[in-house]
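Each chain is listed here by its residues.
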Amino acid sequence: MDEVLLLTIILAAVVLANILARHVTKIPLPFFLIFLGILLAGLPVYKNFHLDPSTFALAIIAPMLFNEAQNSSRLWIGRSISNILSLAVGLVLVSVLIVGTGLHLIYPVLPIALAFSLLAIVTPTDASAVNSIFEANPIAEEQAGILQHESLFNDAAGIVLFDMALTAFISGTFSMELAVWTFLWEFLGGLLFGSAIGVVIVSARLFLIRYNDDTPLIMVLIQLLTPFLVYLLAEKMAFSGILAVVAAGLVQGSERDKLRLTSSRMQLVTSNVWEIVSGMLSGTVFVLLGLSLPEVITAMHVSANPNFGVYRLIALGLFIYFLKGIIRLVWTRYLLKRRVKTNHEWRDSMVMALSGANGTITLSLAFSMPNMVNGQPFAFRGPLIFLAAVVILT
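Residues numbered from 1 in each chain as written. Predicted model: local features only at pLDDT ≥ 70, side-chain atom pairs only at ≥ 80, totals over all residues. Heavy atoms only, no water.

A surface patch of nonpolar side chains, amounting to about 510 Å² of accessible area, comprises Phe174, Met176, Val180, Leu184 and Leu188. Positionally, Leu184 belongs in helix H9 (residues 176-210). For Leu184, a relative accessible area of 41% corresponds to the partly exposed category. (Patch = residues over 30% accessible without salt bridge, like charges linked within 9 Å, V, L, I, M, F, W, Y side chains within 5 Å. Areas by Shrake-Rupley, 256 points an atom, 1.4 Å probe, with all protein chains shown as cover. Salt bridge = Lys/Arg side-chain N within 4 Å of Asp/Glu carboxyl O. Helix = DSSP H or I, 4+ residues; strand = E, 2+ residues; numbered from the N terminus. Buried < 20%, exposed > 50% of the residue type's maximum accessible area, 1.4 Å probe, protein only.)

Pasting the structure below:
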């Protein structure tokens, strides 16, 4: 019952934060959510509450990425695939290696495997955060299209790298051959498996439409269940559940024309439901950050390890943000193909660099770090969550 009560309070906080953000437009919505989470941390119902980290990937990351994928433009993906893969895979891998190594050198207390894990989750951009920037600061269509679709694919690449680095830390061993094989198995296997399941589900929906069983209740519930079903099946097959969800979402979006045979009322219901679900999930993550921050900061203050000081971690978070920003700036200046030539390429690259914001997915992955490692409390979990929060807020 305590968990149900806490969830109810969190959802009420999400509602209140959205109301405040509508009237105080100068302050971004995530800051209201985090602030209310900090206030809620004093409630007795929150004491001894621990959310299973694995539930984050299933309950929050999977449906959010599925929704982003099904709303993506296949035309833009096909037209800008080289740029998207360059940013989503090449830039992520280079940033993880360079910034992760630099972080380990200036902060040797953090094992290099964990440094890579942290960079794997703070390097990929977040589609929701990127879109929120565009709403207040519109940019060129080409830049906006690349950034929005980069943020879909680099989440998947970052998650695979995050899993590999975390596994290497927990096991204490690393094999390049095994890592490459695991990456290909999870990456390609997840894409193919998710695409296949997505086709089956879309075919089932078309079958229901043909026999007039396409009521909003049936069709919307099938769509809401899809990311959970795809994720769980993919994980059972040792594929990347997140990549499978992304692939299924892309298939769902590509079949949208066929599904237009359904009523406009059903389409409107589906759109509204996903908007509410997405806003609820992203809001919940930021409230949970606010709920966790007091505990994380207190634990670092009372820790016997002086390296976990709050000010030191803030400085490290800023170092991560600016170094990966510089790499992104140089990468977008020299390694992206531009269809439209301009006389201010450095300015355009600066816009691309600063628009690569982090958000919900980064935070969700930070929370998905284990509480226990090899039977012992994971001492780095709090500091890593705090570092991820610094990068997001910056």
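Anyway, onward from the coordinates.
Here we come to the side chain of Asn358. Summarising the element assignment, Asn358 is placed in the loop between helix H14 (345-354) and helix H15 (360-367). Residue classification places Asn358 among the buried residues on the basis of a relative accessible area of 7%. A polar atom in the side chain of Asn358 sits 2.7 Å from the backbone oxygen of Val122. A distance of 3.3 Å separates the side chain of Asn358 from the side chain of Lys324, its partner in a polar contact. (Polar contact = N/O pair within 3.5 Å; in protein donor to acceptor, adjacent residues only side chain to side chain.)

Attention shifts here to the layout of surface pockets. Estimated volume of the second largest pocket: approximately 740 Å³. Lining the second largest pocket are 32 residues, with Asp163, Met164, Leu166, Thr167 and Glu186 positioned closest to its centre. At the level of secondary structure, the elements contributing two or more residues to the lining of the second largest pocket comprise helix H3 (53-70), helix H8 (141-171), H9, helix H10 (216-236) and helix H11 (241-254). Per-element accounting of the lining of the second largest pocket gives the leading share, nine residues, to H8. Classifying every residue of the lining of the second largest pocket gives 20 nonpolar, nine polar and three charged. (1 Å grid on protein atoms, 1.4 Å probe; cavity = no way out; pocket = protein on both sides within 12 Å on 5 of 7 lines; lining within 4 Å. Points joined across faces, edges and corners; volume = space filled by probe spheres on them. Nonpolar A, V, L, I, M, F, W, Y, C, P; charged D, E, K, R; others polar.)

To continue, consider the packing of helix H6 (residues 112-122) against helix H16 (residues 381-393). Interaxial distance between H6 and H16 falls to 10 Å at its minimum, and their mutual angle equals 35 degrees. Between H6 and H16 the crossing geometry is right-handed. Contacts from Leu114, Leu118 and Val122 in H6 reach Leu384, Leu387, Ala388 and Val391 in H16. Here the residues of the contact of H6 with H16 are counted per class, giving seven nonpolar, no polar and no charged. (Axes fitted to C-alpha atoms, helices over the stretch in contact; angles between N-to-C directions. Left-handed = near helix turned anticlockwise from the far one by under 90°. Contact = heavy atoms within 4.5 Å.)

Another point: unusual backbone geometry. The phi dihedral of Ala238 is positive, around 65 degrees, even though this residue is not glycine. Here Ala238 is to be found in the loop between H10 and H11. The partly exposed category is assigned to Ala238, whose relative accessible area is 45%. Positive phi is not limited to glycine here, since Asn374 has a value of about 55 degrees.

Keep in mind these values describe shape, not function.
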